[in-house]
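Inside the fold
Next come the chains, spelled out residue by residue.
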Amino acid sequence: MLTVSELTAHYGTSQALFGMDFAFGTGEVATLLGRNGQGKTTTIHSICGVVRPSGGAILFDGEELVGRPSFRIANLGIGLVPEGRQVFPNLTLWENLVATASNHLGHADPWTVERVFDLFPELGARKGSMGNLLSGGEQQMLAIGRALMTNPRLLILDEATEGLAPLIRQKIWHALAEIKRQGLSILVVDKNLSDLLRIADRNFIVERGRVVWSGNSDALRADRDTLHRYLGV
Ligand code: ATP
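So, a few notes on the structure that sits alongside this text. The structure presented is a predicted model; accordingly, all values stated were derived computationally and were not measured.

Now for the site of the ligand. Every residue close to the ligand is listed here: Tyr11, Ala16, Arg35, Asn36, Gly37, Gln38, Gly39, Lys40, Thr41, Thr42, Glu159 and Lys191. Take asparagine 36: an N or O atom from its side chain is 3.4 Å from an oxygen atom of the ligand. Here glycine 37 contributes a backbone N or O atom positioned 2.6 Å from an oxygen atom of the ligand. Protein contacts shield 58% of the accessible area of the ligand, which totals 630 Å² for the unbound molecule. Top element by residues in the shell around the ligand is helix α1 (residues 40–48). It accounts for three residues.

In this section: the side chain of asparagine 192. Inspection of the secondary structure assignment puts asparagine 192 in the loop between β8 (185–189) and α8 (193–199). A relative accessible area of 19% places asparagine 192 in the buried class. Beyond its immediate chain neighbours, meaning those up to four positions away, asparagine 192 contacts Thr161, Arg169 and Trp173.

Relative to strand β2 (residues 14–24), strand β1 (residues 2–11) is paired through eight bridges, and the arrangement is antiparallel. Counted as the bridge partner of valine 4 is phenylalanine 22 from β2. Taking the residues that link successive antiparallel strands as the turn, the β1-β2 hairpin has two residues, and the phi of glycine 12 there is positive, at about 60°. Examined bridge by bridge, β1 and strand β4 (residues 55–60) share five bridges and lie antiparallel to one another. Across the sheet, residue threonine 3 finds its bridge partner in β4, namely leucine 59.

The rules we used
- Sequence order as written defines residue numbering, which begins from 1 separately in each chain.
- Local features in this predicted model are restricted to residues whose pLDDT is 70 or higher, and side-chain atom pairs enter the listing and the counts only when it is 80 or higher, whereas totals over whole chains, interfaces and linings include all residues.
- Neither water nor hydrogens contribute to the side-chain values; these are computed over all heavy atoms in the structure.
- For each residue, the test is whether any non-hydrogen atom lies within 4 Å of the molecule or strand; if one does, the residue is near.
- As used in this structure description, the phrase polar contact means that two N or O atoms lie within 3.5 Å; if the pair is within protein, one of them must be able to donate a hydrogen and the other to accept it, and residues adjacent in sequence are counted only when both atoms belong to side chains.
- Note on areas: these come from Shrake-Rupley sampling with a 1.4 Å probe, and a residue is covered only by the protein chains present in the view.
- Helix and strand assignments come from DSSP, with helices taken as H or I runs of at least 4 residues and strands as E runs of at least 2, each series counted from the N terminus.
- Under the scheme applied here, a residue whose accessible area is under 20% of the maximum for its type counts as buried, over 50% as exposed, and between as partly exposed, the area being computed with a 1.4 Å probe on protein chains only.
- A contact between two residues is defined here by any heavy atoms of the two lying within 4.5 Å.
- When DSSP finds two or more bridges between two strands, those strands count as paired.

Put into structure tokens, the structure is as follows:
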């Protein structure tokens with residue numbers, strides 16, 4: 001579904017990506033792992049058209065994404081749950097969900113507000129509350145729901161459980177497992193390794209702007225040296 005090849009990216013004269021290479025298939029959950037500042041967010045932003053890569057290719061179901069504006073990439077079926085949630089503070093929870101709702105790909109059974117409330121029942125009770133009055137956990141669930149309302153084929157989550165209480169984190173992992181079960185492809189950046197590895201099919205460790213290790217979750221759990229060297233666990 002997604003093939004990233006020889007991807008390079010710069011911020012001014014400073015290079016952040018040095019030839020990222022990875023790929024995963026439809027219906028899979030893939031992860032980008034690694035310490036802070038290694039290029040995970042830059043990779044995600046390159047896929048979504050927020051950062052313009054300086055070289056390489058990103059093929060999404062055979063379509064080249066490099067060079068397309070972010071709204072066109074979103075219309076192709078890529079939904080982003082950005083780092084820091086970024087819910088609209090002056091819209092209600094319900095308005096946040098419907099503001100970007102779309103079904104560009106014509107899914108037969110599209111996401112609706114009701115389906116999002118089934119996935120996250122706590123959101124239904126807060127639907128009239130303004131975005132800035134929601135708790136961090138509610139905002140994070142809303143950010144996921146808002147991305148789902150665009151009916152993506154690929155959902156990308158950047159640090160979706162950061163700073164949340166363990167109970168809320170578990171609800172989010174449970175929801176992601178359910179979304180996976182429904183067949184959506186997912187690319188995740190997260191630091192909660194044990195939860196992440198439970199739902200992941202393929203893992204890619206990023207170090208200094210390139211992939212230095214890839215494999216399934218069993219292989220990573222068994223590779224103590226790699227865990228220690230690149231992830232500090
Ligand atoms: P984190 O988990 O801390 O977000 P990351 O692995 O996602 O880390 P990136 O945020 O992609 O890493 O950063 C990769 C490199 O690019 C780092 O050296 C970082 O300092 C640099 N960088 C990121 N964003 C910018 C920016 N807007 N301007 C300049 N340099 C940046």
